[in-house]
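The lines below spell out each chain.
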Amino acid sequence: MKVTQVALRPTPASDAAGRPALTPELLAASGARYSRNNEGLQAILSKIDPDNLDKSVDSIFRMMDYGHQSIADMAPVAMFMDGLSQWLAYHVWTLCPTAGGQESSTRYIRLAIDNVIAPDVLGIPGNLHDEWRALNEAAFAAYEQAVEVWEGIAAREPNVARIPKSLLEDESEKAAKAVARMRRNYGFDRARNFLPVGVATNVMLVMSARAWVNLCQHLLSHPLREAQNLGEAIRLELELAAPRLLKHAVARDSMQNGMALEDAQTRALAEKVNEIAEADSGAFLEVFAPSEAGDFSSDLKFHDNRYAWMGAQLRRTAVRFGWQAVGLAEIRDLNRHRTGTKWCPLVPQGFYAALDQCPENEKIARVTLQGLESIGQRFSQRALQLLREGEPSYVYWFLLGTQLPFEHTTTADKFIYEAELRTGTGAHFRYADHLREVLALWYEKFPATRGLILEGSAEPE
């Protein structure tokens, strides 16, 4: 694992225009100064000693003396985190839903057993190492076989991978490479369900120093070794950008106690799980509209794209929606929606092997995939058993196809935006299916909005 803080520097055009360049803490301090006088930016900048920028923060602005953590919101920090497990990357995003950033995609990158992080680094107990390694080897063998199966389907039936006829008929080397890439990505997208969450990934985030401190507090309070190690690595890099905030980047008793309580609640939920198989998604929707709200059709009168106007009644309406069983591969992206609150108790509910994507006439492929599905079910069953036993590292027995409960609480306008995005052109097939299920429940409640919600028509992001 490696964390690298990347500083921003002015562009040549900014330099040529004589624009100021400030450290993150000086930027925050300059903004804080606005709340105490109206002297303007140039007067504030004149107080900065260019030969001692660090001293300028302390002696002139006294950033943290203002008494508001919001001052730290004005100190932007970018970090690149290499070598996190797929699980920890997901967990970080749950804690930072409003951050800007990217992650290495399992839909476009072929992974190998060598990418699995060592069990002692993850904090898996020594007596479980051999079992965990053996299961990961089985998972990767299934992944490789699944990639081969799905690429074969795409070769025999190019329409399933949406490969344009013009490319198939083009005999050029460039076209051949494009076709191969599309078949490969089609295979990765469906085979990734067999990838174990102990596989390394890379994440880049841009957010305020305050948000980084909050992330450190959560990670340093976490019972898993990998999370603690990431928290410490971030803390060391944060010292380069915002050293005055480090006193806040520590483990907190309240967080440790809260996590212990939620772990106990998760184990109680685990006792209610019976069979580990491919579970029905179990879509649900609850709507809490103002008493005077009508059928919402007038709120969508001028809604001609997903960023367009929506009326006040939709913006005032609370919505809770979700599914009883969603694959972790999809949860990782559904979790990235910025609004509201997400809840995902880490209790295996089944395993998704993408069998519903296998064409009916591909009988041999279907038999092969059904055989591989049992490996995913075995992982989920073992994770459930370890959860019931109180082993914190049970999450590393998840595969990306492991299904978990997931719900999102937000407002109706944000729900509609998400539904339009996730069913639009280029949307992932699994997201689209899930959101269409919830939209069907919405239409049952508000039939006048059918046709006004731009289901399936949004352009890709």
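In this text, all values refer to a predicted model and were calculated from it rather than measured experimentally. (Residues numbered from 1 in each chain as written. Predicted model: local features only at pLDDT ≥ 70, side-chain atom pairs only at ≥ 80, totals over all residues. Heavy atoms only, no water.)

Enquirer: I'm lost on the sheet that holds strand E1 (residues 2-6) in this one. Help?
Expert: Adjacent strands of a sheet pair through backbone hydrogen bonds, lying either parallel or antiparallel. Within the open sheet, the four strands sit side by side as E1-E2-E4-E3. Their pairing is antiparallel. Every interior strand has two partners, whereas the edge strands, E1 and strand E3 (100-103), have only one. Taking the axes of each pair of neighbouring strands and ignoring which way they run, one obtains an average angle of 15° across the sheet. Two elements, E1 and strand E2 (residues 76-85), share five bridges in a ladder whose sense is antiparallel. Pairing of Lys2 across the sheet is with Asp82, part of E2. The strands that helix H5 (residues 86-95) touches are E2, E3 and strand E4 (200-208); relative to E2, the one it contacts most, it runs at about 150°. (Pairing = 2+ DSSP bridges. Helix = DSSP H or I, 4+ residues; strand = E, 2+ residues; numbered from the N terminus. Axes fitted to C-alpha atoms, helices over the stretch in contact; angles between N-to-C directions. Contact = heavy atoms within 4.5 Å.)

Enquirer: Explain the nonpolar core to me, please; I cannot follow it from the model alone.
Expert: Counting residues in each nonpolar core, the largest one holds 123 residues, and the members touching the most others are Leu205, Trp212, Ile234, Tyr396, Trp397 and Trp442. Apart from residues no more than four positions distant in its own chain, Leu205 is found in contact with Val77, Ala78, Met79, Met81, Val92, Trp93, Cys96, Ala99, Gly100, Gly101 and Trp212. (Core = buried A, V, L, I, M, F, W, Y, C linked by side-chain atoms within 4.5 Å. Buried < 20%, exposed > 50% of the residue type's maximum accessible area, 1.4 Å probe, protein only.)

Enquirer: I'm lost on the environment of Pro359 in this one. Help?
Expert: Mapped onto the secondary structure, Pro359 falls in the loop between strand E8 (350-351) and helix H15 (363-388). Among the residues examined, Pro359 registers a relative accessible area of 13% and is labelled buried. Ignoring anything within four residues of it in the chain, the contact list for Pro359 reads Ile153, Glu157, Val160 and Arg366.

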